[in-house]
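# Tertiary structure, described
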Amino acid sequence: MAIDEIEFYWRPGCPFCMMLEAQLDATDLPVRKINIWEEQGAVERVRVAAGGNETVPTVYVGEHSLVNPGMAELEDLVRSAAPQLLGE
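Described below are features of the structure shown in this document. (Residues numbered from 1 in each chain as written. Predicted model: local features only at pLDDT ≥ 70, side-chain atom pairs only at ≥ 80, totals over all residues. Heavy atoms only, no water.)

Bringing the pattern of salt bridges into the picture now. What the rule picks out here adds up to 8 salt bridges. A salt bridge links E7 to R32; the shortest N-O distance between them is 3.7 Å. In this pair, E7 is assigned in strand β1 (residues 6-10) and R32 in strand β2 (residues 31-35), connecting sequence segments 25 residues apart. Judged by relative accessible area, which is 16%, E7 ranks as buried. (Salt bridge = Lys/Arg side-chain N within 4 Å of Asp/Glu carboxyl O. Helix = DSSP H or I, 4+ residues; strand = E, 2+ residues; numbered from the N terminus. Buried < 20%, exposed > 50% of the residue type's maximum accessible area, 1.4 Å probe, protein only.)

Attention now moves to the sheet that holds strand β4 (residues 64-67). Taken together, the 4 strands give an open sheet; going across it, the order is β2-β1-β3-β4, and neighbouring strands pair in mixed fashion. Across the chains shown, the open sheet's two edge strands, defined by having one partner strand only, are β2 and β4. Adjacent strand axes in the sheet meet at a mean angle of 20° when their direction is disregarded. Two elements, β1 and strand β3 (residues 58-61), share 4 bridges in a ladder whose sense is antiparallel. What sits directly across from E7, in β3, is Y60. The strands that helix α1 (residues 15-25) touches are β1, β2 and β3; relative to β1, the one it contacts most, it runs at about 155°. (Pairing = 2+ DSSP bridges. Axes fitted to C-alpha atoms, helices over the stretch in contact; angles between N-to-C directions. Contact = heavy atoms within 4.5 Å.)

Remember that the coordinates give geometry; whether it matters functionally is a separate question.
Here's what the structure looks like:
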């Protein structure tokens, strides 16, 4: 299955989410933003990545996930799992 976007799971009021979102918005990466309080099934997907917790931000690149990643860590994952998203 081809990966065509990053899934960014967040919730309102989360300062870590806002920081990562701003960094993602400054890139050309395709990102689907998913509010875990509004989208059905989102909390469960976050719990899978976060060991049963609702820790956000959680990011998926295909089946690979990162919990509360830094931008460098996320870029490394994109380079290895979905380099086509970089558009370089």
